[in-house]
Amino acid sequence: MIPLITVVAGPVGCGKTTWIEQQLRLQQRDKVLYFSPGTGAVPIDQTRLAAEFPTVKVFNDSERVEFLNQLVLADAVYLELGFYLELSAVTQILDNLHYQAIAILPPNLQDSEWHEWANKIIPGTNISNTATQARLWRASSTGEVLDESSLEEFWYELTHGAYGQVTRAKGIFNIADGRYLYADYVADVSTKDFLELDLPRHLEGRPQRFSGIEVFAQDLDEGTVAQTLGDCCLSDMAILNYQEQTKQLLAEEIEA
């Protein structure tokens, strides 16, 4: 028996992943699958959902076959279709299996391809995408540890036009004190820049868990963005020093 499969689509920054999170909290089913194809080596949403919902089975692009094999074992399935994919891609992925089509759309959008495709329209973030020539840029930083104050300065510059007209930016970063931070930005929308993911601190050398960034922007100076982000990364010696200091502070807190 194939479970209820919900395919969620919509334009950039409209709140697709946020809506899926809301459903996961409301339904609390036992066997839930999540798949967002096309993210390649930068699975930001998958990593965040896996941290926030450890009982949900999250799949990356390399695990598509396993995702399809586990459909029959699931109670519910969420497939998030990124704005960079054609709506027809869902047919290729699900091989004509029945699904519920949900479009998360800004209130000011009318008569779009998503309206024709969806079984149900959900009002999303009221985004204002003025960057008509925007492009998607991604970069992995797995294995890197960042200085938090440098990261905050970089993120402020990125989201305030220093490197191009940014419509959407998100990332996951390992910080010197072992925390794992999720960064989120949507143009003209009030968002909390950083969220600490609920995972144990990494305080033993360079972490191998994923980190990376995704930016949708017009006229983005990709080389300068990559260089500036690289300047936020710490050397092996600095990482060791920060980790030793953090372990000492945590030990003192426990004793107190």
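Here, the structure is the one placed above.
Since the model is a prediction, treat every value here as computed from it, not as a measurement.

(A) Up close: the overall build of the protein chain. Secondary structure assignment for the protein chain yields 8 helices and 11 strands. Computed over its C-alpha atoms, the radius of gyration of the protein chain comes to 19 Å, within 12% of the 18 Å expected for a compact globule of 256 residues. Reported as C-alpha extents along the three principal axes, the dimensions of the protein chain are approximately 55 × 40 × 30 Å. Within the protein chain, buried positions represent 49% of all 256 residues. Of the roughly 12,900 Å² of accessible surface on the protein chain, a fraction of 48% belongs to carbon and sulfur atoms. Taking the 18 positively charged and 37 negatively charged side chains of the protein chain as two groups, their mean positions are separated by 6 Å.

(B) Structural view of the pairing of strand β4 (residues 76-81). In terms of burial, β4 is largely enclosed, as 6 of its 6 residues are buried. With burial as the criterion, each face of β4 is covered, one bearing Ala76, Tyr78 and Glu80 and the other bearing Val77, Leu79 and Leu81. By the bridge criterion, 6 bridges tie strand β1 (residues 4-9) to β4 in an arrangement that is parallel. Residue Val8 lies in a different strand from β4, and its bridge partner there is Glu80. Here 4 bridges tie strand β2 (residues 32-35) to β4, and the two strands are oriented parallel to one another. In the strand pairing of β4, Val32 is matched with Ala76.

(C) Inspection of the sheet that holds β4 at higher detail. Spatially, β3-β2-β4-β1-β5-β6 is the arrangement adopted by the 6 strands of the open sheet, whose pairing is parallel. Edge strands, defined here as strands with exactly one partner in the open sheet, are β3 (57-59) and β6 (120-123). The average undirected angle you get between the axes of adjacent strands in this sheet is 20°. Contacting β1, β2, β4, β5 (100-105) and β6, helix α1 (residues 16-27) crosses the sheet at an angle of about 170° to β4.

(D) Here's a closer look at the packing of α1 against helix α2 (residues 44-52). At a minimum axis separation of 12 Å, α1 and α2 run at an interaxial angle of 20°. The angle between α1 and α2 falls in the class roughly parallel. Classified by chirality, the crossing of α2 by α1 is right-handed. Note on element contacts: α2 touches α1 through Asp45, Arg48, Leu49 and Glu52, opposite Thr17, Glu21, Leu24 and Arg25. For the contact of α1 with α2, a count of residues per class yields 2 nonpolar, 1 polar and 5 charged.

(E) Region of interest: the layout of surface pockets. Roughly 600 Å³ of volume is contained in the largest pocket. Forming the boundary of the largest pocket are 39 residues, of which Thr18, Arg48, Arg168, Tyr182 and Asp184 lie nearest the centre. Elements supplying a minimum of two residues to the lining of the largest pocket: α1, α2, β7 (135-140), β8 (165-174), β9 (180-186), β10 (194-196) and β11 (212-218). Here the element with the most residues in the lining of the largest pocket is α1; it accounts for 6 residues. Among the residues making up the lining of the largest pocket, the classes are represented as 15 nonpolar, 11 polar and 13 charged.

Cut-offs applied
Once a new chain begins, its residue numbering starts again from 1 and follows that chain's sequence as written. With the structure being a predicted model, the display of local features is reserved for residues of pLDDT at least 70 and the display and counting of side-chain atom pairs for 80 or more, all residues being used for whole-chain, interface and lining totals. Each side-chain value is worked out from all heavy atoms of the structure, with water and hydrogens disregarded. Runs of H or I in DSSP of at least four residues are treated as helices and runs of E of at least two as strands, each being numbered from the N terminus. Each radius of gyration is computed over the set of C-alpha atoms, and the globule rule expresses the reference value as 2.2 Å times the number of residues to the power 0.38. The classification of residues rests on relative accessible area computed with a 1.4 Å probe and restricted to protein chains. Under 20% of the type maximum is buried, over 50% is exposed, and intermediate values are partly exposed. All accessible-area figures derive from a Shrake-Rupley calculation using a 1.4 Å probe, and residue coverage is judged against the displayed protein chains alone. Lys and Arg are tallied as positive, Asp and Glu as negative. Neither His nor the chain termini are counted. The location of each charge is read from NZ of Lys, CZ of Arg, CG of Asp or CD of Glu. Strand pairing is defined by DSSP finding a minimum of two bridges between the two strands. Only the stretch in contact is used when fitting a helix axis, every axis being a line fitted to C-alpha atoms; angles between N-to-C directions are given from 0 to 180 degrees. Any two residues whose heavy atoms approach within 4.5 Å at even a single point are treated as in contact. Throughout this description, any angle smaller than 35 degrees is read as roughly parallel, any larger than 145 degrees as roughly antiparallel, any in the 65 to 115 degree range as roughly perpendicular, and the remainder as oblique. Handedness of a crossing follows from how the near helix is turned relative to the far one, being left-handed for an anticlockwise turn of less than a right angle and right-handed for a clockwise one. In the scheme used here, Gly and all other residues not listed as nonpolar or charged are polar, with Ala, Val, Leu, Ile, Met, Phe, Trp, Tyr, Cys and Pro taken as nonpolar and Asp, Glu, Lys and Arg as charged. Buried and open spaces are told apart on a 1 Å grid over the protein atoms alone, a cavity being a set of points where a 1.4 Å probe fits but cannot get out and a pocket being an open set with protein on both sides within 12 Å along at least five of seven lines. Residues with an atom within 4 Å of a point are the lining residues. Grid points are joined across faces, edges and corners, and a volume is the space filled by probe spheres set on the points.

Just distances and angles here, no functional claims.
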